[in-house]
Amino acid sequence: MIKKILASFLAIIVVLIAYAYWYAESLKPQFTGEAQLPGLSNQAEVYYDNYGIPHIYAQNEVDAYRALGYAHAQDRLWQMEVVRRIAPGRLSEIFGGKLLKVDKLFRALSIQQYSEQMLTQFQANGDPKIKAAAQAYLDGVNTFVSNGPTPIEFSIVGVEKTPFSMIDVYNTMGYMSFSFAAAQKTEPLVTKILQDLGEDYLKDLDVAPNMKSTLLKSTLPATEQLAIQIDQILKDLPASPFIGSNSWVIGPDKTASGKVILANDPHIAYSQPAVWYEAHIESPETSFYGYYLAGYPFAIMGHNREYATGLTMFENDDIDLYWEKDNPYNPGQYVFKKEIRDYQFRKENIKVKDSTTVEMEIKTTHHGPVVNEALELDESWPPVSLFWVYTQKPGEILEVTYGFSHVTNFSDARKNVAKIHAPGLNVMYGDINNNYARWSSAHLLKRADSVNSKLILDGSSGENEIQGYYDFSYNPKSENAPWGYAYSANNQADTTNGVIVPGYYLPEDRARRIRLLLDQNEKWTVEDTKEMMLDVTSNNSPEVVSSILEAIDDKLINSENEEKALQLLSEWGGTFELDEVVPTIYNKLVYKIQESIFVNKIGEDGFEAYMKTHLMKRSFQPLFANDSSVWWDNPETPEVETRSQIITSALSEGLLELENQLGTDISQWQWSKVHSLEHNHVLGAVDLLRKYFNVGPFPVPGNNEVINNYIYRWTADGEYKTAAGPSTRRIIDFADVEGNSWSILPTGNSGNIFSPHYNNQAEMYVNGEYRRQLMNKEEIMKVSEGALVLKP
């Protein structure tokens with residue numbers, strides 16, 4: 001009897017295992033064989049290489065894009081589903097109330113309404129070739145939605161698959177564009193500091209370098225809640241915000257081959273799957289190896305055998321916040337130039353999973369939507385409206401992105417870039433004819449000299465209005481420069497025609513290091529470029545350390561570890577390698593010194609908000625060097641504190657915290673123990689699912705603002721969990737495009753958990769390895785397991 005029970009039990013286990021295996025196999029992408037793809041005019045073939053990159057061969061461009069849509073959906077349908085829900089504010093439908101704030105903000109931003117307007121314009125006036133290609137891509141996606149297996153995430157979350165449409169395409173670009181912006185996280189904080197502390201405190205921060213305008217007083221209630229709320233919303237996004245980037249293009253006079261080399265690593269928040277999908281398409285009209293966003297038909301960057309493009313974030317200021325003045329006698333109206341205007345009202349109903357529908361009323365001024373309700377601001381706040389270039393101007397989104405893979409020469413590329421109104425991008429360019437360039441693209445705002453866009457502005461007076469836009473000829477650019485290269489690292493670009501471009505630029509650290517390295521070497525190779533992309537040395541950090549050591553009061557150093565730490569710091573060359581101890585000490589000091597400076601003046605919440613801004617990154621080096629800054633004194637004590645007192649105390653406190661965290665043996669405080677990277681899947685937040693869906697964690701080298709820019713937020717716990725970094729590292733060599741162009745993705749090209757390409761690049765990525773980008777068909781066929789033949 002017992003034997004029968006055991007046999008039955010084992011049989012059940014075997015059946016369950018067999019079913020689980022069958023189920024997993026049934027959900028894998030199809031790499032070979034045949035599949036039906038209705039709408040094709042001719043048979044198309046897809047060869048997947050050994051890293052899961054689809055190489056698509058079709059007899060016309062429309063068929064190529066239809067096949068691309070099908071292949072993209074096979075690997076990334078869940079990611080597409082999540083991304084298309086962000087801009088219209090529909091995440092709560094599938095994830096519940098925890099993402100309601102995200103939905104409220106994006107409903108208020110009115111991206112959906114803008115997308116509808118642009119789609120109507122495109123349908124009426126758009127290029128038929130672009131319309132056909134975009135719709136073919138969507139048809140390919142929808143064929144997989146209808147006929148392909150359902151990704152496991154849909155089953156776990158309980159989401160029905162539904163077709164994709166052109167409005168989803170426009171919304172994807174709208175979400176991406178908002179993720180670039182930094183003004184909404186900084187302007188409320190700058191306004192708070194001005195009002196609570198005064199202008200002298202702002203003068204010691206790197207608020208507005210080279211700006212002509214003076215700081216203006218504002219009557220807005222001083223609070224950091226707006227900045228904190230927006231930051232938390234962006235942090236909660238189940239998709240990757242865009243943050244920064246490096247790129248350089250080396251001209252022929254500085255390469256060993258005499259041909260251009262392009263390098264690019266856009267910095268984007270890590271997630272699983274990662275943001276980019278690599279795909280290569282070949283048709284009589286189009287040959288392009290591109291990087292695609294989830295659910296978007298056209299490559300955002302890429303290359304062919306003639307030219308290559310790369311991207312960094314311009315970081316120009318294309319958002320202004322205004323406080324509005326209600327009509328005291330009618331809450332449906334506001335005051336502008338002493339005249340009464342009506343708010344425009346719109347009602348929104350947000351469906352929330354397992355809860356009741358939430359009603360929301362959005363009111364809008366001529367500046368833009370009022371965000372108080374969306375951000376749950378205190379009632380003491382007057383209405384705050386958000387002006388954003390992206391939704392204020394018509395844009396040619398599809399035309400520009402289609403153009404990225406269809407320009408014919410240097411001049412054509414420049415004309416295409418000039419069409420970009422927002423978000424601000426530095427478009428990097430190199431070609432087979434030895435041209436190289438950087439174009440800063442955006443429709444730049446004209447503001448009066450009296451307007452400081454770093455503050456929340458008075459919207460009622462009429463004195464702070466946008467005065468128009470500069471022509472593209474005013475935008476910063478570098479074309480075939482005599483020094484032999486073009487570069488961008490989110491630093492403030494040189495002016496053109498005397499126009500200063502306000503922005504939320506990152507500090508010069510990476511730009512300085514890039515220039516230094518490029519100037520040292522006269523004959524660059526691809527191998528040199530690979531090494532440079534992995535550089536973890538900061539020329540600025542030793543200067544920060546010098547300011548710290550200069551301020552230390554030796555009389556107050558009274559422990560062996562304090563003496564050891566100071567000795568190690570004095571000998572440090574600014575490198576952030578895994579086995580080094582000094583990066584751990586250095587970053588603890590950077591945090592503790594700023595904590596001592598700011599908390600007693602702007603509070604815990606204000607300090608938390610400040611530490612998440614580009615303003616902080618730009619300011620701490622000059623601030624630490626400024627012995628006479630007003631920030632050193634603690635207003636809560638009767639005595640006047642000095643830089644020496646604050647920094648010496650921060651050293652003692654910081655080392656005690658490290659001893660509690662890592663032990664008293666300072667030689668065991670390696671950077672690898674506190675600096676890590678984990679790629680988080682939206683379902684990885686559930687502990688039971690984390691090990692299956694997340695990738696990592698891995699110890700990683702590098703640091704904030706070195707070239708190998710593993711970006712984290714400084715926090716009190718001394719754990720530096722990398723949130724963003726290179727979304728790819730890519731190098732295009734025009735001496736041998738097919739044989740010597742390289743890339744790597746943070747995890748893998750597939751978002752399908754059962755695919756062998758879900759995470760097969762993850763260890764290569766953290767180890768600084770690359771893989772070739774194949775374009776030669778013979779070579780592709782050799783590494784492929786065979787063709788996936790798509791039939792009409």
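Residues numbered from 1 in each chain as written. Predicted model: local features only at pLDDT ≥ 70, side-chain atom pairs only at ≥ 80, totals over all residues. Heavy atoms only, no water.

(A) Fine view of the overall build of the protein chain. Per the secondary structure count, the protein chain includes 25 helices and 31 strands. A compact globule built from 792 residues would reach a C-alpha radius of gyration of about 28 Å, and the protein chain, at 27 Å, matches this within 12%. Here the protein chain holds 792 residues, and 63% of them are scored as buried. Once local pairs closer than 6 in sequence are excluded, the contacts in the protein chain between residues at least 24 apart make up 72%. Looking at the protein chain as shown, the accessible area adds up to about 29,700 Å², and 50% of this sits on carbon and sulfur atoms. Between the averaged position of the 69 positive side-chain charges in the protein chain and that of its 103 negative side-chain charges there is a distance of 5 Å. (Helix = DSSP H or I, 4+ residues; strand = E, 2+ residues; numbered from the N terminus. Rg over C-alpha atoms; globule rule 2.2 N^0.38 Å. Buried < 20%, exposed > 50% of the residue type's maximum accessible area, 1.4 Å probe, protein only. Contact = heavy atoms within 4.5 Å. Areas by Shrake-Rupley, 256 points an atom, 1.4 Å probe, with all protein chains shown as cover. Lys, Arg positive; Asp, Glu negative; His and termini not counted. Charge placed at Lys NZ, Arg CZ, Asp CG, Glu CD.)

(B) Spatial organisation of the pattern of salt bridges. Going through the model one piece at a time under the given rule, you end up with 38 salt bridges. The partner of E361 in a salt bridge is K347, with the nearest N and O atoms 3.3 Å apart. Of this pair, E361 sits in strand 15 (residues 358-364) while K347 sits in strand 14 (residues 344-350), and the two are 14 residues apart along the sequence. A relative accessible area of 65% places K347 in the exposed class. Here the salt bridges do not stand alone but share partners, grouping E81, R84, R85, R90, E93 and D168 into one network. (Salt bridge = Lys/Arg side-chain N within 4 Å of Asp/Glu carboxyl O.)

(C) Structural context of helix 4 (residues 100-109). Of all 10 residues making up helix 4, nine are buried, and the element is well covered by its neighbours. Of all the residues in helix 4, the buried ones are L100, V102, D103, K104, L105, F106, R107, A108 and L109. One or two steps after helix 4, the chain reaches S110, where phi turns positive at roughly 65 degrees.

(D) Expanded view of the pairing of strand 13 (residues 339-342). Taken together, the four bridges between strand 12 (residues 330-336) and strand 13 define a ladder with antiparallel strand orientation. Paired with Q333 across the strands is D342, a residue of strand 13. The hairpin turn running from strand 12 into strand 13, its antiparallel successor, is two residues long, and K337 in that turn takes a positive phi close to 55 degrees. (Pairing = 2+ DSSP bridges.)

(E) Broad picture of the side chain of E562. Secondary-structure assignment places E562 in helix 19 (residues 560-571). Summary of buried charges: E562 has no salt-bridge partner, and the nearest side chain of opposite charge, K592, is 12 Å away. Non-local contacts of E562, meaning those with residues more than four positions away in its chain, are made with L556, I557, S652 and L655.

(F) Just the side chain of N372, in detail. With respect to the helices, strands and loops of the structure, N372 is situated in helix 12 (residues 372-375). Of the residues examined, N372 reaches a relative accessible area of 15% and is grouped as buried. Discounting chain neighbours no more than four positions away, the residues touching N372 are L377, W381, P382, P383 and V384.

(G) Here's a closer look at the sheet that holds strand 25 (residues 695-699). Sheet architecture is open: three strands sit in the order 25-24-26, paired in mixed fashion. One side of each edge strand has no neighbouring strand; the edge strands of this open sheet are strand 25 and strand 26 (720-722). Across the sheet, the mean angle separating the axes of adjacent strands is 25 degrees when strand polarity is ignored. Two strands pair when backbone bridges link them, and strand 24 (residues 675-679) and strand 26 are joined in this way by three bridges, in the parallel orientation. Along strand 26, the bridge assignment pairs L677 with T722. (Axes fitted to C-alpha atoms, helices over the stretch in contact; angles between N-to-C directions.)

(H) Focus on the environment of A650. Topologically, A650 is positioned in helix 22 (residues 643-662). Judged by its relative accessible area of 0%, A650 is buried. In the structure, A650 is positioned 115 residues away from D535 in sequence and 29 Å away in space, judged by C-alpha atoms.

(I) Representation of the packing of helix 18 (residues 541-551) against helix 20 (residues 582-610) in the model. Two numbers describe how helix 18 lies on helix 20: the axes approach to 11 Å, and their chain directions differ by 60 degrees. The angle between helix 18 and helix 20 falls in the class oblique. The way helix 18 lies across helix 20 gives a crossing that is left-handed. Residues S541, V544, V545 and I548 of helix 18 lie in contact with helix 20, whose contacting residues are Y586, L589 and I593. (Parallel < 35°, antiparallel > 145°, perpendicular 65-115°, else oblique. Left-handed = near helix turned anticlockwise from the far one by under 90°.)

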